[in-house]
Amino acid sequence: MKCKKNTTGKILAMSLVVTAVLGLVGCGSNKETSSTEITILAAASLTDACDQLKEQYEAEHPGVTLTFSYGASGTLQTQIEEGAPADVFISAAEKPMNTLVEEDLIDSDSVHELLENKVVLIVNSDSTLDLTSFEEVAQDKVEMIGLGEPESVPAGQYAEEAFTSLGILDVVKQKANYGTDVRTVLSWVEAGEVDCGVVYATDAYSTELVKIVAQAPEGSCTRVIYPVGITKDSANRSEAEAFVSFLQSQEAAECFEQYGFSVLK
């Protein structure tokens, strides 16, 4: 009877130990698989650079997942206004950001000028079109030009400013094919579907299928500034702040410069 009692006690003790160990393993597993998702709405021209930064950041922060949604800055502004979930907004122009700040949808204290870009005129790499300036777009040799939709695409707004400054906007409009974002315009030029297009310098640097023939004349359009800000409704404020700080780091600066952006200090 004594031996049987001891055996029963040992079995019970072992059972409790196993249960405790399994519980610890389960807790550890849940901790390892838990992740915070940061949603970033970013201008389409940032696609290549931000895709690389996503890999770098997630490798260094295993508990964080970055989810990027790219598009025209004006379209992304509208999405935020309509309540789309977002933690961080990176615009290709200051106007959409300023509007969201005025509407109390972006925290004004979180807004920083991050990058600068240039507006350029491009043609297909195999093009034989003799085009060397923005002014020449008004000539008969250009039959169709790709532009971003000016109501929602900052690149389209900058292009209109430049052509207005040169006094040829009305002529250019008659030749224009408008895209929903700057990457759409780039794809048209790559495919030879338009004679030329106006994009950012960084877009042109992203492919060997186009070449830059001219930069927008100095002073003909507003400086292309990319601000970044955190939404007032961010559900992950501290993680969003950490990511925005990363975007201003030397590590991120090297990535942005690799893709042709100028980093603002």
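Calculation criteria
- Residues numbered from 1 in each chain as written.
- Predicted model: local features only at pLDDT ≥ 70, side-chain atom pairs only at ≥ 80, totals over all residues.
- Heavy atoms only, no water.
- 1 Å grid on protein atoms, 1.4 Å probe; cavity = no way out; pocket = protein on both sides within 12 Å on 5 of 7 lines; lining within 4 Å.
- Points joined across faces, edges and corners; volume = space filled by probe spheres on them.
- Nonpolar A, V, L, I, M, F, W, Y, C, P; charged D, E, K, R; others polar.
- Patch = residues over 30% accessible without salt bridge, like charges linked within 9 Å, V, L, I, M, F, W, Y side chains within 5 Å.
- Areas by Shrake-Rupley, 256 points an atom, 1.4 Å probe, with all protein chains shown as cover.
- Salt bridge = Lys/Arg side-chain N within 4 Å of Asp/Glu carboxyl O.
- Lys, Arg positive; Asp, Glu negative; His and termini not counted.
- Charge placed at Lys NZ, Arg CZ, Asp CG, Glu CD.
- Helix = DSSP H or I, 4+ residues; strand = E, 2+ residues; numbered from the N terminus.
- Buried < 20%, exposed > 50% of the residue type's maximum accessible area, 1.4 Å probe, protein only.
- Phe/Tyr/Trp six-rings, centres within 6.5 Å; stacked < 30°, edge-to-face > 60°.
- Axes fitted to C-alpha atoms, helices over the stretch in contact; angles between N-to-C directions.
- Parallel < 35°, antiparallel > 145°, perpendicular 65-115°, else oblique.
- Left-handed = near helix turned anticlockwise from the far one by under 90°.
- Contact = heavy atoms within 4.5 Å.
- Pairing = 2+ DSSP bridges.

**Considering empty space enclosed by the protein**
- The full count for this structure, using the stated rule, is two cavities of 30 Å³ or more.
- When its volume is computed, the largest cavity comes out at roughly 60 Å³.
- The class makeup of the residues in the lining of the largest cavity is nine nonpolar, three polar and no charged.
- Approximately 30 Å³ is the volume found for the second largest cavity.

**Side note on a negative patch on the surface**
- On the surface, Glu 60, Glu 251, Glu 254 and Glu 257 cluster together to form a negatively charged patch.
- Broken down by element, the residue count for the negative patch peaks at three residues, all from helix 10 (residues 250-258).
- Here Glu 251 lies in helix 10.
- In this structure Glu 251 comes out as partly exposed when scored by relative accessible area, which is 30%.

**Here we look at the pattern of salt bridges**
- Across all of its chains, the model carries nine salt bridges by this definition.
- Here Glu 58 and Lys 54 are joined by a salt bridge, their closest N and O atoms 2.7 Å apart. Of the two residues, Glu 58 and Lys 54 are both situated in helix 2 (residues 47-60); the distance of four residues between them amounts to about one turn of the helix.
- Residue classification places Glu 58 among the partly exposed residues on the basis of a relative accessible area of 23%.
- For Lys 54, a relative accessible area of 24% gives the class partly exposed.
- A salt bridge links Glu 116 to Arg 223, with the shortest nitrogen-to-oxygen separation between them at 2.9 Å. Here Arg 223 lies in the loop between strand 9 (210-215) and strand 10 (224-230) and Glu 116 lies in strand 4 (residues 112-117), a separation of 107 residues in the sequence.
- The class for Glu 116 is buried, based on a relative accessible area of 12%.
- Through salt bridges that share partners, Asp 48, Arg 183 and Asp 203 make up one connected network.

**Let's talk about the packing of aromatic side chains**
- Evaluation of the coordinates by the stated rule reveals ten aromatic pairs.
- Look at Phe 256 and Phe 261: their rings are 6.0 Å apart centre to centre, the planes differ by 85°, and that puts the pair in the edge-to-face class. Phe 261 shares its class with Phe 256; the two are buried.
- Ring-pair connections join several aromatic residues into one group, and the members of that group are Tyr 57, Phe 68, Tyr 70, Phe 243 and Phe 246.

**A closer look at the packing of helix 3 (residues 73-81) against helix 4 (residues 94-102)**
- Packing of helix 3 against helix 4 leaves a shortest axis separation of 9 Å and a crossing angle of 15°. Considered as vectors, helix 3 and helix 4 are oriented roughly parallel to each other. The two elements helix 3 and helix 4 meet at a crossing, and its hand is right-handed. Contacts between helix 3 and helix 4 involve Ser 73, Gln 77, Ile 80 and Glu 81 on the former and, on the latter, Pro 96, Thr 99 and Leu 100.
- By residue class, the composition of the contact of helix 3 with helix 4 is three nonpolar, three polar and one charged.

**Quick word on the environment of Gly 146**
- Counting through the fold element by element, Gly 146 comes out in strand 6 (residues 145-148).
- Its relative accessible area of 0% is what places Gly 146 among the buried residues.
- Sequence-wise, Gly 146 and Gly 197 are 51 residues apart; in three dimensions their C-alpha atoms are separated by 4.3 Å.
- Every residue in contact with Gly 146, bar those within four places of it in the chain, is listed here: Asn 177, Val 185, Trp 188, Val 194, Cys 196, Gly 197 and Val 198.

**Brief notes about the sheet that holds strand 3 (residues 88-90)**
- With mixed pairing, six strands are arranged side by side in an open sheet as 2-1-3-10-4-11. Each edge of the open sheet carries a strand with a single partner, namely strand 2 (64-71) and strand 11 (262-263).
- Pairing geometry for strand 4 and strand 10, over five bridges, is antiparallel. Opposite Asn 117, over in strand 10, you have Val 224 as the bridge partner.
- Here helix 4 sits on the sheet in contact with strand 3, strand 4 and strand 10, set at roughly 30° to strand 10.

**Some details on the packing of helix 2 against helix 9 (residues 237-247)**
- Between helix 2 and helix 9, the least distance of the axes is 12 Å, while the angle of their chain directions is 125°. With respect to each other, helix 2 and helix 9 are oriented oblique. Handedness of the helix 2/helix 9 crossing: right-handed. Contacts from Leu 53, Gln 56, Tyr 57 and Glu 60 of helix 2 reach helix 9 at Glu 239, Ala 242, Phe 243, Phe 246 and Leu 247.
- Classifying every residue of the contact of helix 2 with helix 9 gives six nonpolar, one polar and two charged.

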